Amino acid sequence: MRAGLIAGNWKMNGSLQSVTELVEGIKAGDAGKAELAVCPPAVFLMKVGGMLADTDIALGAQNVCNRDAGAFTGEISAAMLKESGCRYAIVGHSERRSLYLESDQLVAARFEMAVKNGLAPILCVGETLYEHEQGVTEAVVAKQIDAVLDATGIAGFAQAVIAYEPVWAIGTGLVASPEKAQAVHAFIRGKLAASDSGIAQQVRILYGGSMNASNAADLLSQADIDGGLIGGASLKADDFLAIAQSV
Ligand code: PGA
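Residues numbered from 1 in each chain as written. Predicted model: local features only at pLDDT ≥ 70, side-chain atom pairs only at ≥ 80, totals over all residues. Heavy atoms only, no water.

**Student:** Would you mind going over the overall build of the protein with me for this structure?
**Tutor:** Counting its secondary structure elements, the protein contains eleven helices and eight strands. At 17 Å, the protein has a C-alpha radius of gyration in line with the 18 Å of a compact globule built from 247 residues. Viewed in the frame of its principal axes, the protein has a C-alpha envelope of about 45 × 45 × 35 Å. Counting every position in the protein, which comprises 247 residues, the buried fraction comes to 52%. Intrachain contacts of the protein at a sequence separation of at least 6 include 73% that bridge at least 24 residues. For the protein, the distance from the average position of its 18 positive side-chain charges to the average position of its 27 negative side-chain charges is 3 Å. (Helix = DSSP H or I, 4+ residues; strand = E, 2+ residues; numbered from the N terminus. Rg over C-alpha atoms; globule rule 2.2 N^0.38 Å. Buried < 20%, exposed > 50% of the residue type's maximum accessible area, 1.4 Å probe, protein only. Contact = heavy atoms within 4.5 Å. Lys, Arg positive; Asp, Glu negative; His and termini not counted. Charge placed at Lys NZ, Arg CZ, Asp CG, Glu CD.)

Okay, structure coming up:
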């Protein structure tokens, strides 16, 4: 049985004060049976990690460098994230892929570095609107996963989480129908099962893209949707917890 995971991706939002209030609100509320994780902007990781020390809520980073250490201005290593209390690191978010031109290979190298350092990568995959309309969703997602399989083999997925995030659904209010999302999730699990059925059964596949308190229950009732990666709705404690309670 895969434990439901609800992860908040705060992106580049908040201030020291608002982040403090958000964490206090999440801590004070009831997440039901869900496991929770929050991914604050890197500059707030230590602060949020300190506030979460007496809870089961996990800390995650929004990215991780593909190199160990050295002259990589602006990057943060997996070891630094570990030391800052992170359990997770998002890799390959579509905003990184599209706005900062991260290739499948770079994303795979970031994933590999997370795994090597004992961080659980949350690998984001998903198709753009154009690709969606062309009907090539499975091919796009397969290529994104193949790049990681090339880098780490199936073993890399033993401690990973996958987030299927159709790019056209992110921050748009558009959401994939539960049935369509389920079909892609099942495709992803089937793809991993071709290499290792045990790992495929165990890996959590989250849905992301305009998930909110009103659509979460339908999405989460699908057999292969094991949680959510939440952007906008993770910035309000009540909304985030309402989604968690749908698990
Ligand atoms: P959204 O973002 O929930 O605001 O659509 C999801 C994400 O980008 O992870």
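That shown, we press on.
**Student:** I keep staring at the nonpolar core and nothing clicks. Help me out?
**Tutor:** Ile6, Ile26, Leu36, Val48, Phe157, Ile188 and Tyr207 are the most contacted members of the largest nonpolar core, which totals 67 residues. If sequence neighbours within four positions are ignored, Leu36 has contacts with Leu5, Ile6, Ile26, Ala31, Asp56, Ile57, Ala58, Phe240, Leu241 and Ala244. Grouped together as the second largest cluster of nonpolar side chains are 14 residues, Ala7, Ala37, Ala120 and Val161 included. (Core = buried A, V, L, I, M, F, W, Y, C linked by side-chain atoms within 4.5 Å.)

**Student:** Honestly, the site of the ligand in this entry has me stumped. Any pointers?
**Tutor:** Looking at the ligand, there are 13 residues lining it, with Lys11, His93, Glu165, Gly171 and Ser210 nearest. In this structure, an oxygen atom belonging to the ligand sits 2.6 Å away from a side-chain N or O atom of Glu165. A total of 280 Å² of accessible area belongs to the ligand in isolation, and the protein chains cover 95% of it. Here the shell around the ligand is built from residues that sort into four nonpolar, seven polar and two charged. (Near = heavy atom within 4 Å. Polar contact = N/O pair within 3.5 Å; in protein donor to acceptor, adjacent residues only side chain to side chain. Areas by Shrake-Rupley, 256 points an atom, 1.4 Å probe, with all protein chains shown as cover. Nonpolar A, V, L, I, M, F, W, Y, C, P; charged D, E, K, R; others polar.)

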